[in-house]
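Each chain, letter by letter, is given below.
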Amino acid sequence: MIKMKKGLIHIYTGDGKGKTTAAVGLCYRCSMNGFKVGLTSFLKDFESGECKCESCFTILRHKPFKGFWQDLSPEEKEIVRQEANKALQDIFRIAAEEGYDLIVLDEVLMAASLGVVDTKLLLTLLRAKPAGLEVAMTGAVCPTELLEIADYVSEIRCIKHPYKCGVPARKGIEY
């Protein structure tokens, strides 16, 4: 079995379309080269198109976050925080126990920015990850501490998007 000697940390951030798409592309490339790959998502449910490709890599599912953060009561936010941080710990544990080569944490950067995921916990998990585990993270906003620990940082900037002209998100394109 192929193993990476040194797993690096990737960040896809910015206000443009394509962060998750880039991370899923990395999943396919890695998987098609014989590596064990897993993807999970924070702040999204598991109904979007990228979560329907389990023939190539594993979707590491946890209780999905539903609705909008700003609409939750303080009590609901605390429940979501606890569930999200437990899911984050579980994903790193599973990756280590089952020998994953790459995990993608979709929208974890935004979740950290909003306080849904504890940034200090995420940093601790990243620093303690198995040496050969590659980790890719996405999100429109990225805490500075995570930028500093990353090996790759790609900013995807929106120059023009049809949503700004009233075109709603389209299945198969935006989700």
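Located above this text is the structure these notes cover.
None of these values were measured; they are calculated from a predicted model.

Visitor: Run through the overall build of the chain, naming residues and quoting values.
Guide: For the chain, the count of helices and strands is five helices and six strands. Along its sequence from the N terminus, the chain presents helices and strands in the succession β-α-β-β-α-β-α-α-β-α-β. Here the chain holds 175 residues, and 46% of them are scored as buried. When contacts within the chain are restricted to residue pairs at least 6 apart in sequence, long-range pairs at least 24 apart make up 74% of them. When the accessible area of the chain is evaluated, it comes to approximately 9,600 Å², of which 55% is carbon and sulfur surface.

Visitor: For the pattern of salt bridges, give the residues involved together with the corresponding values.
Guide: Per the counting criterion, the structure on display carries five salt bridges. Between E78 and R81 there is a salt bridge, and its shortest N-O distance comes to 3.5 Å. With E78 and R81 both in helix α2 (residues 74-97), this residue pair falls three residues apart, about one helical turn. A salt bridge links D90 to R93, with the nearest nitrogen and oxygen atoms 3.8 Å apart. Separated by three residues within a single helix, D90 and R93 lie in helix α2, roughly one turn from each other. On the accessibility criterion, D90 (22% relative accessible area) is partly exposed. Bridged by salt links that share partners, the residues K86, D90, R93 and E97 form one connected network.

Visitor: Talk me through the pairing of strand β4 (residues 102-106); I want residue IDs and the actual numbers.
Guide: Along any regular strand the residues' side chains alternate between the sheet's two faces. Most of β4 is tucked away, with five of its five residues classed as buried. Residue alternation in β4 divides its side chains into two sets, L102, V104 and D106 and I103 and L105, and both sets are buried. With five bridges connecting them, strand β2 (residues 37-41) and β4 associate as parallel partners. Bridge pairing links V37 to L102 in β4.

Reading the values: the criteria
- Residues numbered from 1 in each chain as written.
- Predicted model: local features only at pLDDT ≥ 70, side-chain atom pairs only at ≥ 80, totals over all residues.
- Heavy atoms only, no water.
- Helix = DSSP H or I, 4+ residues; strand = E, 2+ residues; numbered from the N terminus.
- Buried < 20%, exposed > 50% of the residue type's maximum accessible area, 1.4 Å probe, protein only.
- Contact = heavy atoms within 4.5 Å.
- Areas by Shrake-Rupley, 256 points an atom, 1.4 Å probe, with all protein chains shown as cover.
- Salt bridge = Lys/Arg side-chain N within 4 Å of Asp/Glu carboxyl O.
- Pairing = 2+ DSSP bridges.

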